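A structural walkthrough
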Amino acid sequence: MATIEQVIDHKYAKLGEILQSMNKVVVAFSGGVDSAFLLKAALEFMGKDRVLAITADSETYPEREKLEAIALAGSLGAPHEVIHTSELDIPGYAENPTNRCYFCKNSLFDHLIPIAHARGFEHVVFGAIADDLGEHRPGLQAAHERGVRAPLLEAGIKKSEIRHLSRKFGLATWDKPSFACLSSRIPYGEAITAEKLSMIDRAEDFLIQLGFRQVRVRQHDTLARIEVPASELADVLAVAETVHAKLKEIGYAYVTMDLKGYRSGSLNEVLAPQEQSVQAAAQA
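Quick caveat: nothing in here was measured; it's all calculated off a predicted structure.

A word on the UniProt feature "active site" (unreviewed entry) in the protein chain
- Cross-referencing UniProt, the feature "active site" (unreviewed entry) maps to Cys-181 in the present numbering.
- Looking at where Cys-181 falls in the secondary structure, it is placed in the loop between helix H7 (159–168) and helix H8 (194–209).
- Those residues in contact with Cys-181 that lie beyond four places of it in its chain are Thr-60 and Tyr-93.

Describing the domain arrangement of the protein chain
- Domain assignment breaks the protein chain into domain 1 (4–169) and domain 2 (182–281).
- For domain 1 and domain 2, the distance between their C-alpha centroids amounts to 25 Å.
- Across the contact, 17 residues belong to domain 1 and 22 residues belong to domain 2.
- Interface area for domain 1 against domain 2, summed over the two sides, is near 1600 Å², with a carbon-plus-sulfur share of 51%.
- Among the residues of domain 1 in contact with domain 2, Arg-64, Asn-96 and His-136 are the three that bury the most area, contributing 37% of the side total.
- Viewed at the interface, domain 2 and domain 1 are joined by three salt bridges.
- Across the pair Asp-201 and Arg-64 runs a salt bridge whose closest N-O atoms are separated by 3.0 Å.

Here's the deal with the packing of aromatic side chains
- This model, assessed by the stated rule, comprises six aromatic pairs.
- Considering the side-chain rings of Tyr-12 and Phe-37, the 5.9 Å spacing of their centres and the 50° angle between planes classify their relative orientation as tilted. Of this pair, Tyr-12 sits in helix H1 (residues 4–20) while Phe-37 sits in helix H2 (residues 33–46), and the two are 25 residues apart along the sequence.
- Relative accessible area serves as the criterion here: at 9%, Tyr-12 is assigned to the buried category.
- Between the aromatic rings of Phe-109 and Phe-126, the centroid separation amounts to 5.7 Å while the plane-to-plane angle is 75°, which identifies the pairing as edge-to-face. One end of the pair, Phe-109, is in helix H4 (residues 100–119); the other, Phe-126, is in the loop between strand E4 (123–125) and helix H5 (138–146), and 17 residues separate them in sequence.
- Residue Phe-126 is classed as buried on the basis of its relative accessible area of 7%.
- Grouping aromatic residues by their ring pairs yields a cluster made of Tyr-12, Phe-37, Phe-45 and Phe-169.
- Directly above the ring of Phe-121 sits Lys-24, whose terminal nitrogen or CZ lies 4.5 Å from the centroid.

So, H2
- Here H2 spans 20 Å end to end across 14 residues, near enough to the 20 Å set by a 1.5 Å rise per residue.
- Taking burial as the measure, the 14 residues of H2 include 12 buried ones, the bulk of the element.
- Here H2 has its buried residues at Val-33, Asp-34, Ser-35, Ala-36, Phe-37, Leu-38, Leu-39, Ala-41, Ala-42, Leu-43, Phe-45 and Met-46.
- One or two residues past the end of H2 sits Gly-47, with phi positive at roughly 90°.

So, the pattern of salt bridges
- Using the criterion set out here, one finds 24 salt bridges in the structure.
- Put simply, Asp-205 and Arg-64 hold a salt bridge, and the shortest N to O gap is 3.5 Å. Here the residue Asp-205 occupies a position in helix H8, and Arg-64 occupies one in helix H3 (residues 63–76), the gap between them amounting to 141 residues.
- Asp-205 gets classed as partly exposed once you look at its relative accessible area, which sits at 26%.
- Of the charged contacts, one joins Asp-175 and Arg-213 as a salt bridge, the two residues approaching to 3.8 Å between their closest N and O atoms. With Asp-175 in the loop between H7 and H8 and Arg-213 in the loop between H8 and strand E5 (216–220), this pair connects stretches of sequence that are 38 residues apart.
- Salt bridges sharing common partners tie together Arg-218, Arg-225, Glu-227, Asp-258, Arg-263 and Glu-269.

Some words on the UniProt feature "domain: NAD/GMP synthase" (unreviewed entry) in the protein chain
- Following the UniProt record, the feature "domain: NAD/GMP synthase" (unreviewed entry) maps to residues 21–84 here.
- Span residues 21–84 is 44% helix and 25% strand, its end C-alpha atoms 30 Å apart.

Conventions we followed
Residues numbered from 1 in each chain as written. Predicted model: local features only at pLDDT ≥ 70, side-chain atom pairs only at ≥ 80, totals over all residues. Heavy atoms only, no water. UniProt positions renumbered as here; feature names shortened; annotations may be inferred. Helix = DSSP H or I, 4+ residues; strand = E, 2+ residues; numbered from the N terminus. Contact = heavy atoms within 4.5 Å. Domains from an automatic or database assignment. Buried area = accessible area lost by both parts, 1.4 Å probe. Salt bridge = Lys/Arg side-chain N within 4 Å of Asp/Glu carboxyl O. Phe/Tyr/Trp six-rings, centres within 6.5 Å; stacked < 30°, edge-to-face > 60°. Buried < 20%, exposed > 50% of the residue type's maximum accessible area, 1.4 Å probe, protein only. Lys NZ or Arg CZ within 6 Å of the ring centre and 35° of its normal. Expected span 1.5 Å × (residues − 1).

So, in structure tokens, the structure goes:
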């Protein structure tokens, strides 16, 4: 029976075969765990002359994430460009429907595909992974419709395996907390505005400065619901007055903590089971 290490190595070899078959790729590069690993693999298997990393800078993407992406691409020696986009200009996005991520990814590909074609790159790839199947990921549908490839998903690679290999290869992102765009902090059906995104960004940045690495500030109208890992709830309470004062200054009328702690996509918990099933089927 194959060991865990052998299984992971086999998947990585399969990833290499997938990438090498594409000739030249534009990598949608956010600087997160998955896209960083994908970029590292593309450079290793294809060489930097066949790879271009592009980061989309917008209202939903914190400045700290952009700077980290620029630094990481530089450390990898990757050809890298930053383009400017605006999700709030996408028809239907600001209304915040449950398939909001479809509009976002479709717009991103609207930018990346023409760049790829103009530069002679045959494919656009992004960092969807095996764990995304069966979850509420409307962006996968947009990728499928536009012919955008997800090599990590195709190779069956999971988040835990990406972290394992990233650590093995010396990638600084191996233990980076998961990140999603700032719009994911606003409940479906509540309008997304530049003001709300700015408030969320400032609140999360403050908590990160206090030392909380995995943090979300979910915004419910004028209420901020803070999510940190359950093991760190007491740490937030220890600085509760400081946090409350800062978030009030930012503009929140009420500041609360989620006693269940951080979990990815907690706002999806209110979706009806049948809607989650439909989304999962669309992504399969």
